[in-house]
Amino acid sequence: MSNVIRPTFGRQPQPVDAESDEAAYQPLRVYGEAAGHVVALVEDPDAPAGAVLKVVVGPLSGNIVEAVAVLPRTEAGEIDAELVGMAVLRTLALMD
């Protein structure tokens with residue numbers, strides 16, 4: 001599961017990457033809010049590997065989110081995205 005949570009999650013974005021592409025997408029699903037963050041699911045139809053689903057996390061204040069999981073746009077990918085989204089939300093709730 002090396003594609004689920006990146007080791008840079010939670011760090012301040014580098015000046016070059018200050019704006020994330022996910023901020024422009026409309027969420028397919030919002031899993032919830034916890035510890036001052038929102039967890040949501042977005043679709044990226046323009047990904048290099050084709051359409052993918054991204055579980056994203058970002059602070060409630062502001063419009064910058066970061067992908068913590070990238071999954072294929074398949075039925076199995078949607079199931080995995082549900083599991084990842086709920087796990088990330090639960091983890092944030094435990095930290096709150």
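In what follows, the structure referred to is the one given above.
Note that the structure is predicted; figures quoted are calculated from it, not measured.

A few words on the side chain of lysine 54. Here lysine 54 lies in strand S3 (residues 52–59). The class of lysine 54 is buried, set by a relative accessible area of 12%. Side-chain polar atoms of lysine 54 contact the side chain of aspartate 44, separated by 3.2 Å.

This part takes up the pairing of S3. Of all eight residues making up S3, seven are buried, and the element is well covered by its neighbours. Taken together, the eight bridges between strand S2 (residues 37–44) and S3 define a ladder with antiparallel strand orientation. Bridge pairing in S3 places leucine 41 opposite valine 55. Direction of pairing for S3 relative to strand S4 (residues 66–72): antiparallel, over a ladder of six bridges. Across the sheet, residue valine 56 finds its bridge partner in S4, namely alanine 67.

Let us look at helix H1 (residues 75–95). Its 21 residues place the ends of H1 31 Å apart at the C-alpha level, agreeing with the 30 Å of an ideal helix rising 1.5 Å per residue. Residues of H1 that are buried include every one of Gly77, Ala81, Val84, Gly85, Val88, Leu89 and Leu92, and no others. Angularly, the buried residues of H1 cover 130° about the axis, an arc narrow enough to put them on a single face. Turned more than 90 degrees away from the buried face of H1, the exposed residues are Glu75, Leu83, Arg90 and Leu94.

Reading the values: rules and limits
- Residues numbered from 1 in each chain as written.
- Predicted model: local features only at pLDDT ≥ 70, side-chain atom pairs only at ≥ 80, totals over all residues.
- Heavy atoms only, no water.
- Helix = DSSP H or I, 4+ residues; strand = E, 2+ residues; numbered from the N terminus.
- Buried < 20%, exposed > 50% of the residue type's maximum accessible area, 1.4 Å probe, protein only.
- Polar contact = N/O pair within 3.5 Å; in protein donor to acceptor, adjacent residues only side chain to side chain.
- Pairing = 2+ DSSP bridges.
- Expected span 1.5 Å × (residues − 1).
- Arc of directions from axis to C-beta.

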